[in-house]
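# Fold and geometry: a report
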Amino acid sequence: MSGWQLAMLLTGFLIGTTTLIIPVGPAKESAWLSVLLAGVLGIGVAWLYTALGVRFPGETPFQYTPRVLGRWLGTLVVLFYLWLSFHLAALILRNLGELYVVAIMVQTPMGVFIGILAALAAWIIRSGLEPVARLAELLSPWLYLIMILLDILTFATPNLTHLENLLPLLPDGKFLPVIQGILPILAFPFAETFLFLVVIPFLVKPKKSFLPFALAMAFAALITSLVAFRNVAVLGASEAERVNFPSLVAVQLINLGDFLQRLDALIIFMWTFAGFIKLCLPFYFLALGLATLLKLKDYRPLVLPLGLLIAPFALHLFVSFPQMIQFTRIWPFYSLPITILLPALTLMVAAVRGLRGQPAPLQRQAMKKTTGKAPQDALTPGAVPGKRKTSSLRNRG
């Protein structure tokens, strides 16, 4: 995978469901400022993950974590990673299912949408992560264009935006609410990029992964901040926090000359593809991790059973949408210890012990090439990372 594909996959992942249910939080009118500050911390998170990927090239966290932290503690950390990826996949499925039930087909059972999306994700993941990266490379630029276009049309609609809704800049004249609003945004979506720990080792040039990673974080923070700014300007902070999908409501109000209106189809299209890209990452992470943990040579037999577990779990995860929104207040304290503290602990212990990995054979071949053309990587079907036999990968590819 190239650095450009990594950046497109990351930005699609980051805006996948974030702009769908972006929380206003304690920052209220200054939610957009909290998003920008969370993006700055997200660049630090990018450094953490890329540092691990550079230190252990050609290896996934399922392989080097037990070696760094010891067999028992390392396996426990891996299990935490796998559980969070399972839970995250179910949350993404539920978010997309709620969107379709609320906005499009209100009479259709949510299980239909969840089942279809889970089946599609399982189908594409059986072919490896490379098709997902190519899909992101194709669609992500269009998704960003749609986001920016909708923002422009929103502010161009007469009497739709009210900039006074963005005042005061600091709630109650204090900066503390803005700081408190950083934590939920850092957890969702920036720290969720821990899933890319299984992608970085298989880049053509993993040592240069920080720049595309950081740029994707910065760009996603800017886009999400603009969305938060727009939502508050249109709906006000209290209304943006009350409605289920504030971005959808704001876009539905676009009306230029009684002609350009009802553009919610565009944003639903964007959320569908970006959310699907985001869904594939925890699905792949989970299948690959279980295959490594169970010492299987092929992760594909696990894909369908995992889909059959994730779909019903997503369907029964919450009783209602308000309960799901309430859970977002707990999510930072639940996820951040796993997504940030455990990788940081692994990196620190590896540095103290002086442990490093060696580039996989495919990466060494890529480094020797002067044409810049990357060989087929270990993201092809049936490949479990870390295997040094490249001939079988070529045959299966």
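## A closer look at the overall build of the protein chain
From N to C terminus, the protein chain includes 17 helices and two strands. The buried share of the protein chain, reckoned over its 397 residues, is 57%. For the protein chain, the accessible surface area stands at approximately 16,900 Å², while carbon and sulfur atoms represent 68% of it.

## Things to note about the nonpolar core
Counting 138 residues, the largest nonpolar core has Ile125 and Phe196 as the members making the most contacts within it. With 17 residues, the single largest contributor to this core is helix α12 (residues 264-293). Look past the residues within four positions of Ile125 in its chain and what remains in contact with it is Val132, Cys280, Phe283, Tyr284, Tyr299 and Val303.

## Some details on the packing of aromatic side chains
Aromatic rings considered in pairs are described by the distance between their centres and by the relative angle of their planes. All told, the structure shown has 21 aromatic pairs when counted by the stated rule. Over the aromatic face of Trp72 sits the side chain of Arg71, whose NZ or CZ is 5.1 Å from the ring centroid.

## A short note on the packing of helix α4 (residues 71-103) against helix α13 (residues 303-315)
Running from N to C, α4 and α13 point in directions that differ by 60°, and their axes come no closer than 8 Å. Considering their axes alone, α4 and α13 lie oblique with respect to each other. For α4 against α13, the interelement crossing comes out right-handed. Contact residues: α4 offers Trp83, Phe86, His87, Ala89, Ala90, Leu93 and Arg94, while α13 offers Leu309, Ile310, Ala311, Phe313, Ala314 and Leu315.

## Focus: the environment of Ala287
Along the chain, the position of Ala287 falls in helix α12. Sequence separation between Ala287 and Ile125 is 162 residues, and the spatial gap between their C-alpha atoms is 8.9 Å. With residues near it in sequence (within four places) discarded, Ala287 still touches Tyr299, Leu302, Val303 and Leu306.

## Re helix α6 (residues 130-156)
Along its 27 residues, α6 runs 39 Å from first to last C-alpha, staying within 8% of the 39 Å computed at 1.5 Å per residue. By the largest-angle criterion, Leu139 marks the main kink of α6, which is about 40°, and a proline, Pro141, follows within four residues.

## Regarding the side chain of Thr65
Mapping Thr65 onto the fold places it in helix α3 (residues 61-69). Residue classification places Thr65 among the buried residues on the basis of a relative accessible area of 1%. Separated by 2.6 Å, the side chain of Thr65 and the backbone oxygen of Pro61 make a polar contact. With residues up to four places along the chain from it excluded, the contact list for Thr65 reads Gly70, Gly74, Val77, Val78, Tyr81 and Thr346.

## Some remarks on unusual backbone geometry
Residue Pro168 follows Leu167 across a cis peptide bond; omega there is 0°. Here Pro168 shows up in the loop between α6 and α7 (176-180). The amide bond that connects Phe188 to the next residue, Pro189, takes the cis arrangement and shows omega of 25°. A positive phi is found at Asn159, a non-glycine position, where the angle reads about 60°. Within the fold, Asn159 resides in the loop between α6 and α7. Judged by relative accessible area, Asn159 falls into the exposed class, the value being 72%.

## Quick notes on a nonpolar patch on the surface
Together, Leu73, Leu76, Leu79, Phe80, Leu293, Leu294 and Leu296 make up a nonpolar patch on the protein surface, roughly 580 Å² of accessible area in all. With four residues, the single largest contributor to the nonpolar patch is α4. Residue position: Leu76 is located in helix α4. Of the residues examined, Leu76 reaches a relative accessible area of 42% and is grouped as partly exposed.

## As for the packing of helix α5 (residues 110-125) against α12
Relative to each other, α5 and α12 sit at 60°, their axes nearing to 10 Å. In terms of their interaxial angle, α5 and α12 are classed as oblique. For the element pair α5 and α12, the recorded crossing hand is right-handed. For the pair α5 and α12, the contacting residues are Leu117, Ala118, Leu120, Ala121, Ala122, Ile124 and Ile125 in the first and Phe276, Leu279, Cys280, Phe283 and Tyr284 in the second. Among the residues making up the contact of α5 with α12, the classes are represented as twelve nonpolar, no polar and no charged.

## Examining the confidence of the model for the protein chain
In this model, the protein chain carries an average pLDDT of 86, and 90% of its residues clear a pLDDT of 70 or more. Averaged over each element, pLDDT in the protein chain is lowest for helix α17 (residues 390-396) (36) and highest for helix α15 (residues 331-353) (96). A low-confidence stretch, residues 385-397 stays under pLDDT 50, and its non-local contacts, those more than four residues away or across chains, total 27 contacts.

## Here's the deal with the pattern of salt bridges
The full count for this structure, using the stated rule, is eight salt bridges. Arg94 is the partner of Glu98 in a salt bridge, and the nearest nitrogen-oxygen pair spans 3.1 Å. Taken together, the residues Glu98 and Arg94, both in helix α4 and four residues apart, mark about one turn of the helix. We classify Arg94 as buried; its relative accessible area is 3%. Notably, a salt bridge pairs Asp264 with Arg262, separated by 3.6 Å at the nearest N-O pair.

## Observations concerning the environment of Phe321
Considering the arrangement of structural elements, one finds Phe321 in helix α14 (residues 321-327). Those residues in contact with Phe321 that lie beyond four places of it in its chain are Ile21, Glu98, Asn244 and Phe245.

What counts as what
Residues numbered from 1 in each chain as written. Predicted model: local features only at pLDDT ≥ 70, side-chain atom pairs only at ≥ 80, totals over all residues. Heavy atoms only, no water. Helix = DSSP H or I, 4+ residues; strand = E, 2+ residues; numbered from the N terminus. Buried < 20%, exposed > 50% of the residue type's maximum accessible area, 1.4 Å probe, protein only. Areas by Shrake-Rupley, 256 points an atom, 1.4 Å probe, with all protein chains shown as cover. Core = buried A, V, L, I, M, F, W, Y, C linked by side-chain atoms within 4.5 Å. Contact = heavy atoms within 4.5 Å. Phe/Tyr/Trp six-rings, centres within 6.5 Å; stacked < 30°, edge-to-face > 60°. Lys NZ or Arg CZ within 6 Å of the ring centre and 35° of its normal. Axes fitted to C-alpha atoms, helices over the stretch in contact; angles between N-to-C directions. Parallel < 35°, antiparallel > 145°, perpendicular 65-115°, else oblique. Left-handed = near helix turned anticlockwise from the far one by under 90°. Expected span 1.5 Å × (residues − 1). Bend = angle between axes of the 7 residues up to and from the residue. Polar contact = N/O pair within 3.5 Å; in protein donor to acceptor, adjacent residues only side chain to side chain. Patch = residues over 30% accessible without salt bridge, like charges linked within 9 Å, V, L, I, M, F, W, Y side chains within 5 Å. Salt bridge = Lys/Arg side-chain N within 4 Å of Asp/Glu carboxyl O. Nonpolar A, V, L, I, M, F, W, Y, C, P; charged D, E, K, R; others polar. pLDDT = per-residue confidence, 0-100.

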